[in-house]
Amino acid sequence: MDEEKEERNDKTIIPALPKPQIRNQFGSAYFRISYPSGMVVESDSYNDVYVQFIKYANPQRVRCLNIRSLGANIIATKDEMNKKYEKMYKYVGDGYYFNTISTTQRKYEVMTYLSNALRLNVLVELLPK
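We now turn to the structure provided with this report. Just so you know, these numbers come straight off a predicted model, no measurement behind them. (Residues numbered from 1 in each chain as written. Predicted model: local features only at pLDDT ≥ 70, side-chain atom pairs only at ≥ 80, totals over all residues. Heavy atoms only, no water.)

Attention shifts here to the pattern of salt bridges. Close approach of charged atoms lets side chains of opposite charge pair. In total, this model carries five salt bridges according to the counting rule given. The partner of E125 in a salt bridge is R32, with the nearest N and O atoms 3.5 Å apart. Separated by 93 residues along the polypeptide, E125 in strand β8 (residues 123-128) and R32 in strand β1 (residues 29-34) bring together distant segments of the chain. Of the charged contacts, one joins E109 and R106 as a salt bridge, the two residues approaching to 3.4 Å between their closest N and O atoms. Placement of both E109 and R106 in helix α4 (residues 104-117) is noted, with a separation of three residues, approximately one turn of the helix. Judged by relative accessible area, which is 10%, E109 ranks as buried. The structure contains a network of salt bridges with shared partners spanning R32, E42 and E125. (Salt bridge = Lys/Arg side-chain N within 4 Å of Asp/Glu carboxyl O. Helix = DSSP H or I, 4+ residues; strand = E, 2+ residues; numbered from the N terminus. Buried < 20%, exposed > 50% of the residue type's maximum accessible area, 1.4 Å probe, protein only.)

Printed below as a string of structure tokens:
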């Protein structure tokens, strides 16, 4: 049992972050992304914000971090995409596609992790509506 748990932990690159305190009975939330340029994006269109953030972070740099989802890197080439979920990949330029399949919490964790790991100085917030 301990070995199985340890094996799963070895595959997790992004450390678990505390869950944001969303106090809405419906669990409704939105992202506020504050970029160093002063631009602030507020939206509950989670995938749009997520894709925009990945483009800002540079898909090639994100790919090098080897963040895994559904058994593959979240940044994939056309031939590396999981064909079962092909419709959920979004093109992010230079021949790369981004796997957007994840919970809102996971999107928050990935963006926060990337901001720190790539020293983007972007503040990512998940706020109640």
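The next thing to look at is the nonpolar core. Residues I33 and F53 are the most contacted members of the largest nonpolar core, which totals 27 residues. At the level of secondary structure, the elements contributing two or more residues to this core comprise β1, α2 (46-57), β7 (96-99), α4 and β8. The leading source of residues in this core is α2, at six residues. Those residues in contact with I33 that sit more than four places away from it in its chain are M39, V40, V41, V49, F53, M111, V122, L123 and V124. (Core = buried A, V, L, I, M, F, W, Y, C linked by side-chain atoms within 4.5 Å. Contact = heavy atoms within 4.5 Å.)

Let's shift gears to the environment of K78. Position of K78 among the secondary structure elements: in the loop between β5 (75-77) and β6 (89-93). Classification of K78 as partly exposed rests on a relative accessible area of 43%. In this structure, the C-alpha to C-alpha distance between K78 and Y97, residues 19 residues apart in sequence, is 6.9 Å. Not counting residues within four places of it along the chain, the set of residues in contact with K78 comprises K83, E86, G95 and Y97.

Helix length check: α4, at 14 residues, gives a terminal C-alpha distance of 20 Å against a target of 20 Å (1.5 Å per residue), a fit within 8%. Of all the residues in α4, the buried ones are Q105, K107, Y108, E109, V110, M111, T112, L114 and S115. Packing partners of the buried residues in α4 comprise β1, α2, α3 (59-64) and β8. Just downstream of α4, R119 is the residue with a positive phi angle, here 50°. (Expected span 1.5 Å × (residues − 1).)

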